[in-house]
Each structure stands twice: as structure tokens, then as C-alpha cells.
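Notes for the structure review
Chain by chain, the residues:
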Amino acid sequence: LSLSQFTQGACLLACAALLLTACSKATEFEYIDEVVTSDDDEPTVVVTDENGNETTLPEGAMIGIYVIDSDGNVTLQQVEVDENGNAVLPTTNQGETIVAYTPYQEEWGDSALTTMPTFTVESNQTTEELYKASDLMIGISGQHTRAAEAPMHFIHMLSKVSIHVVDETGRVKLENIGTELLNVKTSVTVDLLHQHVSTIDSLRASISMLSEMTTDWRISSYAIVAPQAVSEGATFFTITLYGNRQTYPIPEAATLEGGKTYTINMRLTEHGLILDGWHVTDWDEENEQDLDIKA
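Residues numbered from 1 in each chain as written. Predicted model: local features only at pLDDT ≥ 70, side-chain atom pairs only at ≥ 80, totals over all residues. Heavy atoms only, no water.

Here's the deal with the nonpolar core
Leu 181, Leu 192 and Phe 236 are the most contacted members of the largest nonpolar core, which has 53 residues in total. At 5 residues, the largest contribution of residues to this core is made by strand S16 (residues 218-225). When sequence neighbours within four positions are dropped, the list of residues in contact with Leu 192 reads Tyr 66, Val 99, Tyr 101, Trp 108, Ala 112, Leu 113, Ile 138 and Ile 140. (Core = buried A, V, L, I, M, F, W, Y, C linked by side-chain atoms within 4.5 Å. Buried < 20%, exposed > 50% of the residue type's maximum accessible area, 1.4 Å probe, protein only. Helix = DSSP H or I, 4+ residues; strand = E, 2+ residues; numbered from the N terminus. Contact = heavy atoms within 4.5 Å.)

Rendered as C-alpha cells:
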């Protein structure tokens with residue numbers, strides 16, 4: 001495969017309101033191309049955020065890596081993240097470029113740089129594994145020189161929705177809550193070379209969200225969806241508590257963009273479940289101050 005071939009190459013419940021608007025925050029994979037004493041003598045990838053704080057990809061995550069040489073020839077390799085969040089990049093020479101993505105898609109193969117493959121999020125994201133399998137990230141490194149250190153930025157290509165429920169009554173077992181996004185767009189075509197995705201409008205599904213107790217009085221639910229616009233008045237999510245299921249509409253048009261988190265805050269009060277605001281942040285910068293229990 002030659003680069004010249006592809007250079008031209010998304011009960012206690014009461015109805016609440018939501019308005020969402022949405023640039024992408026990059027997770028930085030620090031590429032260290034240096035002399036290594038291990039047997040494989042290859043550079044490593046260390047995960048850090050843009051402020052220099054170290055983070056990790058989940059152990060076992062697979063990264064697909066395309067190495068493009070100075071003549072435009074392409075080779076595909078696959079690497080696995082270890083228990084410390086590290087992976088091993090292929091050794092590159094001056095003038096070579098790396099295009100990488102995660103989670104690795106076996107069916108994409110060598111042709112993914114030219115064919116604009118389709119990526120679809122999981123409709124069931126109730127486990128950490130299925131949630132992370134929906135988090136498409138793409139990274140592109142420039143032309144590396146041996147013994148030089150250069151960053152590789154992996155960008156979250158899709159959109160994250162978070163729904164927090166705070167119990168002010170103190171009487172509800174929040175682990176009984178189930179949250180689902182309704183009829184959202186789930187699939188994108190992927191342009192790896194340009195770190196770009198295009199949402200496929202016709203592919204939709206309801207998504208069961210990953211939920212976790214973050215405190216004794218708050219449960220947080222998360223899901224990843226394709227970037228999309230949500231029409232005014234469209235139903236957007238449901239919350240089910242003790243078998244009672246309530247659907248919540250979006251009262252105004254909203255746009256969900258890649259690399260952003262759309263957070264909805266709900267409060268469980270003596271009068272039912274009510275909206276307590278929403279906000280938009282970068283992927284991992286949710287605002288916690290709105291979640292304190294009111295007097």
C-alpha cells in the first residue's frame with residue numbers, strides 16, 4: 001500500500017429538561033525514541049495528559065499502528081497496553097510517520113487508511129470493557145528522528161454523555177437506577193489520516209449506560225455516542241428506578257461534538273426526580289461543584 005494511493009482520502013420520577021451544546025481534548029501518548037536496554041530495543045509509549053499528569057489506558061487495550069515511510073509505503077502493526085498503561089511503538093526512521101488508533105478493529109486491516117471504515121459504539125455499555133470498546137481515539141505522529149522525544153496526541157473522536165443522580169432523600173438505593181440513551185446515532189466513517197469522523201445518520205440505537213456509585217448519595221452514568229445534533233423536543237434518555245421508567249425530552253436543539261462531555265445533573269427530592277442543570281466540558285473535566293447536596 002502506497003501513501004500516494006490514499007492522500008485524497010459520529011413514583012419518584014418527574015420529567016426534566018436538557019440542552020446540550022458542544023473541540024476535542026487530546027490524551028497525550030509520549031513517544032520516547034531512545035536507546036533501550038531491553039531485548040526488543042524498541043521505543044515505548046507513556047500515557048500523560050496535556051498538563052503532564054500521567055494517566056493510563058486499560059491493560060489489554062489494543063492499538064492499531066500504521067507506519068508510513070518516506071516513500072509512502074505502509075505497514076500495519078498491533079500493540080497491546082500493559083498493566084502500567086504502557087505500550088511499545090514500532091521503531092521508526094527519520095521521515096517516517098505513524099498513524100495509530102484504539103480500540104483496534106481486526107476487520108479494518110491494511111486498507112483502513114484508504115477505505116474510510118465504519119466504527120460503531122456498543123449499544124450495551126454497562127460494563128467498563130464495553131464502554132472503553134466504544135471510545136475511538138486516533139493519534140498521528142510527525143516525522144520522528146532517532147534519539148529524539150516527541151509527543152503523540154490521541155484525540156477522542158466521539159462524544160460522551162454523563163448523567164448524575166443525587167439522592168437528597170437519603171432513602172433510595174441508587175444502585176437500583178438504570179439509565180438509557182434513546183435512539184441516538186451510533187456509527188461513524190473514519191478518516192484515520194486526518195483524525196476525522198463523519199456520523200452515519202441512518203444508524204441509530206438505544207444505549208444502556210455504564211453506571212457506578214461515586215459516593216453514597218450519587219450515582220453517575222456514562223455512554224459514548226457518535227457526534228450528532230439532537231432535535232428540539234426529541235426524547236433523549238430514560239431513568240428507571242424500582243421498575244418505574246420515565247422518559248426525558250430535550251426541549252431545545254443541541255449539538256454533541258467529538259471530544260466533549262455533556263453532563264446532566266438530576267436530583268432525587270421529596271417531590272421526585274428533577275433537573276439540576278447541565279454543562280459541557282472537555283472529556284475528563286466534569287464540574288463537580290454542582291453535585292453537592294442542597295440544604
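Looking at unusual backbone geometry
Glycine aside, residues mostly have negative phi, and peptide bonds are mostly found in the trans state. The peptide bond linking Thr 102 to Pro 103 adopts the cis configuration, its omega dihedral lying at 0 degrees. Relative to the assigned elements, Pro 103 resides in the loop between strand S6 (97-102) and helix H1 (112-115). If you check the backbone angles, Met 116 has positive phi at about 50 degrees while not being a glycine. Checked against the element boundaries, Met 116 lands in the loop between H1 and strand S7 (118-120). For Met 116, a relative accessible area of 32% corresponds to the partly exposed category.

A few points about the confidence of the model for the protein
When the pLDDT values of the protein are averaged, the result is 77; 72% of them are 70 or greater. pLDDT under 50 marks residues 143-151. Its contacts with residues more than four places away, or in other chains, come to 27 contacts. Here residues 287-295 is a poorly scored stretch, pLDDT under 50, and it has 23 contacts once near neighbours within four places are set aside; other chains count. (pLDDT = per-residue confidence, 0-100.)

Considerations on the pattern of salt bridges
In this structure the tally under the stated criterion is 7 salt bridges. Note that Lys 185 is salt-bridged to Asp 201, the shortest N-O span being 2.9 Å. On the criterion of sequence distance, the pair formed by Lys 185 in strand S11 (residues 177-185) and Asp 201 in the loop between strand S13 (196-199) and strand S14 (204-208) is long-range, its members being 16 residues apart. Judged by its relative accessible area of 11%, Lys 185 falls in the buried class. Of the charged contacts in the structure, one is a salt bridge between Asp 276 and Arg 267, with a shortest N-O distance of 2.5 Å. When sorted by exposure, Asp 276 lands in the same class as Arg 267, which is buried. Each of Glu 168, Arg 267 and Asp 276 takes part in one network of salt bridges that share partners. (Salt bridge = Lys/Arg side-chain N within 4 Å of Asp/Glu carboxyl O.)

Here we look at the packing of aromatic side chains
Taken as a whole, this structure holds 5 aromatic pairs when the rule is applied. Both rings, one in Tyr 101 and one in Tyr 104, keep their centres 6.1 Å apart while their planes meet at 20 degrees; by these two values the pair is stacked. Note on Tyr 101: relative accessible area 0%, which makes it buried. Classification of Tyr 104 by relative accessible area gives buried; the value is 17%. (Phe/Tyr/Trp six-rings, centres within 6.5 Å; stacked < 30°, edge-to-face > 60°.)

Quick word on the environment of Asp 216
Position of Asp 216 among the secondary structure elements: in the loop between strand S15 (210-215) and S16. Residue Asp 216 is classed as exposed on the basis of its relative accessible area, which comes to 78%. Distance from Asp 216 to Val 166, taken between C-alpha atoms, is 9.3 Å for residues 50 residues apart in sequence.

Section: the sheet that holds strand S12 (residues 187-191)
Taken together, 3 strands build an open sheet; the order of strands is S7-S12-S13 and the sheet is antiparallel. The strands lining the two open edges of the sheet, one partner per strand, are S7 and S13. Across this sheet, the average inter-strand angle for adjacent strands is 35 degrees, counted without regard to direction. Relative to S12, S7 runs antiparallel, the two sharing 3 bridges. Looking at S12, one finds that Phe 119 is bridged to Val 188. (Pairing = 2+ DSSP bridges. Axes fitted to C-alpha atoms, helices over the stretch in contact; angles between N-to-C directions.)

Focus: the sheet that holds S16
Strands in a sheet are paired, the pairing made by backbone hydrogen bonds, and the direction either parallel or antiparallel. Reading across the sheet, the 5 strands line up as S15-S16-S10-S21-S22 and stay open at both edges, with mixed pairing between neighbours. Both edges of this open sheet fall to S15 and strand S22 (272-282), since each of them pairs with a single strand only. Adjacent strand axes in the sheet meet at a mean angle of 20 degrees, parallel and antiparallel pairs treated alike. Across 8 bridges, the pairing between strand S10 (residues 159-167) and strand S21 (residues 260-269) is parallel. Bridge assignment links Asp 167 to a residue of S21, and that residue is Leu 268.

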